[in-house]
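# Analysis of the macromolecular model
Residues per chain, in single letters:
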Amino acid sequence: MTKSQMVNDFDFTSIKSPDTQVFVNTDVALITGANGSLGIHLLQQVQPYFKTIYCLIRETSDEAARLKFKASKQSYGLDFNTDNIIVIAISSLSDPFFGLHESRFNQLANEVSHVYHNAANVNNMKTFENLYADNVLSSLNVINFSFTGLLKNINYASSLSVYVSGEHTKNTTFYEDNLIIDDELLFNGYAQTKWLTDYIMTECNHYHQIKQFRLGLLVPEMFTHKDTSSFLYQVIELLAKETVVPEDNIGACFDFTPVTWAANVIKAISLEPSET
């Protein structure tokens, strides 16, 4: 699917106008994808700066969500205080009102001033259609939540795949605002959904500044966590099992970004004053 096809097919009238143009800091934040690698490390970084943080987790019950969150903390070897600060709530971001009761949704909309949107289905094998609800529709709902009630600062975890997963990437310099609509083909559904979401976020900047973080391949701290489901782990495991390595003349390389470093950068930039 090309960039122009995605933009032409998207209904931009589904983006609501903000209820207010004035930003008020309430020291209350909402984090999506809080149990993921980036989300849990970002939560650790930002929790000293907020009096309350709502963590939306996809589960069938509040107890299951709390257990999933606890397991994620333990898995990454993190130990930080969550008492009286972090509120775990079940949600389904692609559903109306995040799957919450409308009154609960509106209560959050009038309480939260900062949103950290990390949740995404990271899968390079699924199609655009398979990933649309998790990556595009969920992000649209986050935008509309952020424009409901209080005007909220949005901090969105995007991906370098919006630049490097297309046909025209060789010997090219990419700039922050370089989301050109053309007939370039993006190679997989993940890159396509992230590009479209990036474009939508950029289009909403005329309402209120949205901070977008285009992240590379995030890796945990060495020796502290082993994610056997990650692409990187599986590649290294396969190479070790087969006792082979790629030839050094094929141009293959991996650019790694430590997740703790990424979380720290997002924290620092997200807490800077936004332009309205």
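Looking now at the overall build of the chain. A tally of helices and strands in the chain yields nine helices and eight strands. Taken over 276 residues, the chain has a buried fraction of 47%. Taking the contacts inside the chain whose residues are at least 6 apart along the sequence as the reference set, 78% of them involve residues at least 24 apart. Just so you have it, the chain exposes about 14,400 Å², and 53% of that area is on carbon and sulfur atoms.

Attention shifts here to the sheet that holds strand β3 (residues 86-90). Either a parallel or an antiparallel arrangement is found when strands of a sheet pair, and the pairing is made through backbone hydrogen bonds. Strand order in this open sheet of six strands is β3-β2-β1-β4-β5-β6, and the pairing throughout is parallel. What marks the edges here is a single partner per strand, and that holds for β3 and β6 (210-215). Within this sheet the neighbouring strands show an average axis-to-axis angle of 20°, counted without direction. Direction of pairing for strand β2 (residues 52-57) relative to β3: parallel, over a ladder of five bridges. The residue of β3 that forms the bridge with Tyr54 is Val87. Along the sheet, helix α7 (residues 189-203) contacts β4 (114-117), β5 (153-159) and β6; its crossing angle with β5, the most-contacted strand, is approximately 150°. The strands touched by helix α9 (residues 259-270) within the sheet are β4, β5 and β6, with β6 carrying the most contacts at an inclination of about 165°.

This part is about helix α2 (residues 37-46). In terms of burial, α2 is a largely internal element, seven of the ten residues being buried. Among the residues of α2, those classed as buried are Leu38, Gly39, Ile40, His41, Leu42, Leu43 and Val46.

Side chains His114 and Tyr116 of β4 all project onto a buried face; the interleaved residues Val115 and His117 project onto the opposite face, where all are buried too. Strand direction decides the pairing type here: strand β1 (residues 28-32) and β4, joined by four bridges, are parallel. The residue of β4 that forms the bridge with Thr32 is His117. Viewed along the sheet, the connection from β4 through helix α5 (residues 128-146) into β5 turns out right-handed.

Close contact between α5 and α7 brings their axes to 8 Å; oriented N to C, the two are set at 20°. Comparing the axis directions of α5 and α7 gives the class roughly parallel. Seen along the crossing, α5 lies across α7 with a hand that is right-handed. Contact residues: Phe128, Leu131, Tyr132, Asn135, Val136, Ser139 and Ile143 in α5; Gly189, Tyr190, Gln192, Thr193, Leu196, Thr197, Ile200 and Met201 in α7.

With that settled, the discussion passes to the nonpolar core. Counting 28 residues, the largest nonpolar core has Leu43, Ile53, Ile86 and Tyr116 as the members making the most contacts within it. For this core, the secondary structure elements donating two or more residues are β1, α2, β2, α3 (62-75), β3, β6 and α9. The greatest single-element share of this core, amounting to five residues, is contributed by α2. Residues in contact with Leu43, not counting those within four places in the same chain, are Ile31, Ile53, Cys55, Phe69, Phe80 and Ile86. Counting 23 residues, the second largest nonpolar core, distinct from the first, contains Leu151, Leu179, Tyr199 and Cys204.

What follows is about the confidence of the model for the chain. For the chain, per-residue confidence averages 88 on the pLDDT scale, and 89% of positions sit at 70 or higher. No element of the chain has a lower mean pLDDT than helix α8 (residues 231-242), at 80, and none a higher one than β4, at 98.

Burial analysis of β2 places six of its six residues in the buried class, the great majority of the element. Of the two faces of β2, both are covered, the one formed by Thr52, Tyr54 and Leu56 as well as the one formed by Ile53, Cys55 and Ile57. A crossover links β1 with its parallel partner β2, the connecting element being α2, and its sense is right-handed. Considered for its hand, the β-α-β crossover made up of β2, α3 and β3 is right-handed.

Criteria and thresholds
- Residues numbered from 1 in each chain as written.
- Predicted model: local features only at pLDDT ≥ 70, side-chain atom pairs only at ≥ 80, totals over all residues.
- Heavy atoms only, no water.
- Helix = DSSP H or I, 4+ residues; strand = E, 2+ residues; numbered from the N terminus.
- Buried < 20%, exposed > 50% of the residue type's maximum accessible area, 1.4 Å probe, protein only.
- Contact = heavy atoms within 4.5 Å.
- Areas by Shrake-Rupley, 256 points an atom, 1.4 Å probe, with all protein chains shown as cover.
- Pairing = 2+ DSSP bridges.
- Axes fitted to C-alpha atoms, helices over the stretch in contact; angles between N-to-C directions.
- Right-handed = clockwise from strand over helix to strand, strands pointing away.
- Parallel < 35°, antiparallel > 145°, perpendicular 65-115°, else oblique.
- Left-handed = near helix turned anticlockwise from the far one by under 90°.
- Core = buried A, V, L, I, M, F, W, Y, C linked by side-chain atoms within 4.5 Å.
- pLDDT = per-residue confidence, 0-100.

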